[in-house]
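Spelled out from the first residue to the last, the chains are:
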Amino acid sequence: RQCHKGLHSLNYILHAFFEGLVSFQLARRSETRSKWITLGEAAIQTFRSWVTHSSWNFENKLALLEAESYFCRGKYNEAENKYEDAIKYSRIHRFVHEEAIAMELYSSFLKACGRVDEYSTLFAGAMDCYKKWGAFGLLKKKQFQTK
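Keep in mind it's a predicted model, so treat the numbers as computed, not measured.

## A look at a nonpolar patch on the surface
A contiguous nonpolar patch, built from L10, L14 and F18 and spanning about 240 Å² of accessible area, is present on the exposed surface. Take F18: it is sitting in helix α1 (residues 2–29). Classification of F18 by relative accessible area gives partly exposed; the value is 37%.

Now the structure itself:
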């Protein structure tokens with residue numbers, strides 16, 4: 001019974017995190033921008049609450065959500081700082097899979113800003129993290145998409 005409760009909590013955490021990330025991605029591509037930003041901001045508020053209970057587990061996720069929010073709102077300096085925080089916290093806490101996600105999203109941000117050399121370096125770093133994590137199927141798909 002206790003195991004099921006823990007899995008339920010993990011599913012809720014992952015859902016909140018990825019719903020926030022996807023919401024910000026959709027906000028940048030959609031005409032219903034405000035709807036998606038509202039959902040993304042709700043995820044940020046959730047993680048701000050959770051980070052007070054466990055910064056170890058949540059500060060990297062919060063930083064990445066905040067980076068995506070700043071990117072959506074055109075606050076590029078703030079976004080860049082938060083992407084770097086997300087990568088740093090993921091690395092410190094040894095969440096290699098989340099370091100990969102943060103590096104990949106940061107690389108997309110850099111590409112959108114026309115900083116192609118930095119994009120290439122960070123994207124390669126993200127691929128290295130996916131490899132360390134053992135996500136070979138995802139790695140193969142990403143490498144195929146960039147050709």
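## A few points about the pattern of salt bridges
As enumerated under the stated definition, the model contains nine salt bridges in all. Salt-bridge contacts for K61 lead to E98; the nearest nitrogen and oxygen are separated by 2.9 Å. In this pair, K61 is assigned in helix α3 (residues 55–72) and E98 in helix α5 (residues 96–112), connecting sequence segments 37 residues apart. Of the two residues, K61 and E98, both sit in the buried class. One salt bridge in this structure joins E104 and K142, with 2.6 Å as the shortest N-O distance.

Rules behind the numbers
- Residues numbered from 1 in each chain as written.
- Predicted model: local features only at pLDDT ≥ 70, side-chain atom pairs only at ≥ 80, totals over all residues.
- Heavy atoms only, no water.
- Patch = residues over 30% accessible without salt bridge, like charges linked within 9 Å, V, L, I, M, F, W, Y side chains within 5 Å.
- Areas by Shrake-Rupley, 256 points an atom, 1.4 Å probe, with all protein chains shown as cover.
- Salt bridge = Lys/Arg side-chain N within 4 Å of Asp/Glu carboxyl O.
- Helix = DSSP H or I, 4+ residues; strand = E, 2+ residues; numbered from the N terminus.
- Buried < 20%, exposed > 50% of the residue type's maximum accessible area, 1.4 Å probe, protein only.

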